[in-house]
Amino acid sequence: MIVATASVKGGVGKSVTAIHLAAFLQLHAPTLLVDGDSTRSALQWAKPGLLPFRVCDERQGIKLTREFEHTVIDTPGGLAQEEVENLAKGCDLLVVPTTPNALAFRPVIEMALGLPSNFKILLTFCDGRSKLATEQARRAITASGLPLFKAQIPKFSAAFEQASTQGVVVSQVKNSYGIVAWQAYKEIGEELISEQV
Ligand SMILES: Nc1ncnc2c1ncn2[C@@H]1O[C@H](COP(=O)(O)OP(=O)(O)O)[C@@H](O)[C@H]1O
Ligand SMILES: [Mg+2]
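Residues numbered from 1 in each chain as written. Chains lettered and ligands numbered in written order. Predicted model: local features only at pLDDT ≥ 70, side-chain atom pairs only at ≥ 80, totals over all residues. Heavy atoms only, no water.

**Quick notes on the overall build of the protein**
Looking only at helices and strands, one finds 8 helices and 6 strands in the protein. When its helices and strands are written in sequence order, the protein yields β-α-β-α-β-α-β-α-β-α-β-α-α-α. Relative to the 2.2 N^0.38 estimate, which gives 16 Å for 197 residues, the radius of gyration of the protein is 15 Å and therefore close to what a compact globule would have. Dimensions of the protein, computed from C-alpha atoms along their principal axes, come out at roughly 40 × 40 × 30 Å. Looking at the protein residue by residue over its 197 residues, the buried ones come to 52%. Taking contacts inside the protein between residues at least 6 apart in sequence as the whole, the part at least 24 apart equals 72%. Here the protein has roughly 9400 Å² of accessible surface; of this, 53% comes from carbon and sulfur atoms. Counting 19 positive and 19 negative side-chain charges, the protein places the centres of these two groups 5 Å from one another. (Helix = DSSP H or I, 4+ residues; strand = E, 2+ residues; numbered from the N terminus. Rg over C-alpha atoms; globule rule 2.2 N^0.38 Å. Buried < 20%, exposed > 50% of the residue type's maximum accessible area, 1.4 Å probe, protein only. Contact = heavy atoms within 4.5 Å. Areas by Shrake-Rupley, 256 points an atom, 1.4 Å probe, with all protein chains shown as cover. Lys, Arg positive; Asp, Glu negative; His and termini not counted. Charge placed at Lys NZ, Arg CZ, Asp CG, Glu CD.)

What follows is the structure in structure tokens.
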């Protein structure tokens, strides 16, 4: 399966999502993460050599992808509409993360309305203290007729910060929220696999 994470927005959890979906897919079959962002956040995360899957840049990825059952592609923030459309055409499923903030999800809805059908929006940074905002985002996205993952990713800044600093998957940090965050990505991964035709 070829999965990509992309958005017209930056800082919405694309790289974190790419890393954790790759970790999930690796539990099923060999998985490659292609870091297509010139800031190389995924490659930096992988530097300590502790991630359970291979990470490479987009140039190496062209050839390497043949050796893996699953490929996850991480992309830069602020892509133009046309670039996101082309990415969707080039993968099996495009995961479009967005935070539940109206300023974030409105442009995403706008963009997603122009995409081919193989994408799904993912709510990230869902703050347990503002459940209403998350519910409003969920309603606005579904009311627009757009596909949305049933599961969502909680906002656990310390756990993800520790994971990126240590170069590990969030389930491995010494922070009780790490397991909860991983559980959310596992649910997303399961949704991803169950819908694969
Ligand atoms: N669910 C989350 N809760 C808290 N912090 C998060 C979450 N997802 C990502 N982050 C943090 O937010 C920052 C941006 O995430 P990142 O995945 O790099 O976004 P993008 O790739 O869209 O720019 C990073 O510091 C990351 O550790
Ligand atoms: Mg990124």
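**Topic: the sheet that holds strand β4 (residues 70–74)**
Read from one edge to the other, the open sheet built from 6 strands follows the order β3-β2-β4-β1-β5-β6, with strand pairing classed as parallel. Since the sheet does not close on itself, it has two edges, and those belong to β3 (54–57) and β6 (119–123), each with one partner. Taken pair by pair, the neighbouring strands of this sheet meet at an average axis angle of 25°, ignoring direction. Two strands pair when backbone bridges link them, and strand β2 (residues 31–35) and β4 are joined in this way by 5 bridges, in the parallel orientation. Within β4, the residue paired with D35 across the bridge is D74. (Pairing = 2+ DSSP bridges. Axes fitted to C-alpha atoms, helices over the stretch in contact; angles between N-to-C directions.)

**Focus: the packing of aromatic side chains**
Within this structure, the stated rule accounts for 2 aromatic pairs. Arranged with centres 4.5 Å apart and planes meeting at 25°, the rings of F156 and Y177 form a pair that is stacked. Remark: Y177 occurs in helix α8 (residues 176–194) and F156 occurs in the loop between α6 (131–143) and α7 (157–166); sequence separation between them is 21 residues. Residue classification places Y177 among the partly exposed positions, given a relative accessible area of 46%. Centroid distance F160 to Y185: 6.3 Å. Interplanar angle 90°. Geometry classified as edge-to-face. (Phe/Tyr/Trp six-rings, centres within 6.5 Å; stacked < 30°, edge-to-face > 60°.)

**Here's the deal with the pairing of strand β5 (residues 93–98)**
In terms of burial, β5 is a largely internal element, 6 of the 6 residues being buried. Side chains of β5 alternate between two faces, with L93, V95 and P97 and L94, V96 and T98 buried alike. As judged from the 3 bridges shared by strand β1 (residues 2–5) and β5, these two strands associate in the parallel manner. Counted as the bridge partner of V3 is L93 from β5. Pairing of β5 with β6, which is carried by 5 bridges, proceeds in the parallel orientation. The residue of β6 that forms the bridge with L94 is F119.

**Examining unusual backbone geometry**
The residue R40 is not glycine, and still its phi comes out positive at about 55°. Note on placement: R40 falls in the loop between β2 and α2 (41–46).

**A closer look at the environment of K89**
By the element assignment, K89 lies in helix α4 (residues 81–89). Looking at K89, the relative accessible area reads 61%, which means it is exposed. Separated by 101 residues in sequence, K89 and E190 have C-alpha atoms that sit 22 Å apart.

**Points about the packing of helix α1 (residues 14–26) against α8**
For the pair α1 and α8, the least separation of the axes is 9 Å and the interaxial angle reads 70°. What the angle tells us is that α1 and α8 run roughly perpendicular. For the pair α1 and α8, the sense of crossing is right-handed. Listed contacts from α8 to V16, T17, H20, L21, A23, F24 and L25 of α1 are W182, Y185, K186, I188, G189, E190, L192 and I193. Among the residues forming the contact of α1 with α8, the class breakdown is 10 nonpolar, 3 polar and 2 charged. (Parallel < 35°, antiparallel > 145°, perpendicular 65-115°, else oblique. Left-handed = near helix turned anticlockwise from the far one by under 90°. Nonpolar A, V, L, I, M, F, W, Y, C, P; charged D, E, K, R; others polar.)

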